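Here's the letter readout for the chains.
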Amino acid sequence: MQLTHELPEGHFFFRACAPGAVTVVDRELTASLLLAPDRIVEDWPVAVPGDFDVAAAEAIAALEPEVVLLGTGETQVFPSREALVALLRRRIGVEVMTNAAACRTYNLLAGEGRRVVAAIMLPSHHAPAAGA
């Protein structure tokens, strides 16, 4: 899915979202990441919702967002309550959605000047094939 929302120069934004990859500005990424308007954290070690734990939430909180868009892949899957509570206790809002919805929503909120972080889970391309 091509996203065509432009942000002011110097800000990170999603240009496209596809199964297993996103394009940030003009760079395709295939590993999970955290994206804030002024920063990108590559190789975030959360490939699936079951990997999202308190340590992963703390990595997000370190970026000091007001809201987190948690992209859980091609389907919306809620991660553990404990990890979500770790963000909510810091008064950080959390929305769980598909990656495509998280990318679109991030571009809109970042374009409004909001302190938003998109946490995008991309399954490892090194995972064993089903039935292997």
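The preceding data block contains the structure.
Quick notes on the rules
- Along each chain, residue indices are assigned from 1 in the same order as the chain's sequence is written.
- Totals for whole chains, interfaces and linings use every residue, but because this is a predicted model, local features are given only for residues with pLDDT of at least 70 and side-chain atom pairs only at 80 or more, for both listing and counting.
- Water and hydrogen atoms play no part in the side-chain values, which are based on all heavy atoms of the structure.
- For helices the rule is a DSSP run of H or I covering at least 4 residues; for strands it is a run of E covering at least 2, with both sets numbered from the N terminus onward.
- Throughout, exposure labels follow a simple rule: accessible area from a 1.4 Å probe, protein chains only, divided by the maximum for the residue type, with under 20% read as buried, over 50% as exposed, and the rest as partly exposed.
- The contact criterion used is simple: two residues touch if any of their non-hydrogen atoms lie within 4.5 Å.
- The disulfide definition used here is simple: a pair of cysteine sulfur atoms within 2.5 Å.
- Throughout this description, a polar contact denotes any pair of N or O atoms lying within 3.5 Å of each other; where both atoms belong to protein, one of them has to be capable of donating a hydrogen while the other can accept it, and for residues adjacent in sequence the pair is counted only when both atoms sit in side chains.
- Throughout this description, the term salt bridge denotes a Lys or Arg side-chain nitrogen within 4 Å of a carboxyl oxygen of Asp or Glu.
- By definition, two strands form a pair when at least two bridges between them are found by DSSP.
- Every axis in this analysis is a line fitted to C-alpha atoms, fitted for helices over the stretch in contact. Angles between the N-to-C directions lie between 0 and 180 degrees.

1. What to know about the overall build of the protein chain
Stage number 1. Along the protein chain, the regular secondary structure elements total three helices and eight strands.
Stage number 2. Taken from N to C terminus, the helices and strands of the protein chain fall in the order β-β-β-β-β-α-β-α-β-α-β.
Stage number 3. A total of 132 residues make up the protein chain; the buried ones form 45% of that total.
Stage number 4. Looking at the protein chain alone, contacts between residues at least 24 apart form 63% of all its contacts between residues at least 6 apart.

2. Observations concerning the state of the cysteines
Stage number 1. Taken as a whole and judged by the stated rule, the model has zero disulfides.
Stage number 2. Here C17 stays free of any disulfide, with the sulfur of C103 as its closest cysteine sulfur at 3.9 Å.
Stage number 3. Assessed through its relative accessible area of 6%, C17 is described here as buried.

3. A short note on the environment of E42
Stage number 1. Among the secondary structure elements, E42 is positioned in strand β5 (residues 39-42).
Stage number 2. Among the residues examined, E42 registers a relative accessible area of 35% and is labelled partly exposed.
Stage number 3. When the C-alpha atoms of E42 and S32 are compared, they prove to be 6.8 Å apart, with 10 residues separating the residues in sequence.
Stage number 4. For E42, the contacting residues outside a window of four places in its chain are R27, L29, S32 and L33.
Stage number 5. At a separation of 2.7 Å, a polar atom in the side chain of E42 contacts the side chain of R27.

4. Thoughts on the pattern of salt bridges
Stage number 1. Taken as a whole, this structure holds five salt bridges when the rule is applied.
Stage number 2. In this structure, R15 engages D26 in a salt bridge whose closest nitrogen and oxygen atoms are separated by 3.1 Å. One end of the pair, R15, is in strand β1 (residues 14-18); the other, D26, is in the loop between β2 (21-24) and β3 (27-29), with 11 residues separating them in the sequence.
Stage number 3. A salt bridge links E42 to R27; its shortest N-O distance comes to 2.7 Å.

5. Considerations on helix α2 (residues 81-88)
One turn of an α-helix holds 3.6 residues; hence residues three or four places apart share an orientation.
Stage number 1. Residues of α2 that are buried include every one of A83, L84, V85, A86 and L87, and no others.
Stage number 2. Each element contacted by the buried residues of α2 is listed here: α1 (54-61), β6 (67-71) and β7 (93-97).

6. Re the sheet that holds β3
Stage number 1. Pairing within the open sheet is antiparallel, and its three strands lie in the order β1-β2-β3. Of all the strands in the sheet, just β1 and β3 have a single pairing partner and so form its edges. The average undirected angle you get between the axes of adjacent strands in this sheet is 20 degrees.
Stage number 2. As defined by bridge partners, β2 adjoins β3 across three bridges and the pair is classed as antiparallel. Bridging from a neighbouring strand, T23 pairs with E28 of β3.
Stage number 3. Running at roughly 170 degrees to β1, helix α3 (residues 99-111) makes contact with β1 and β2 of the sheet.

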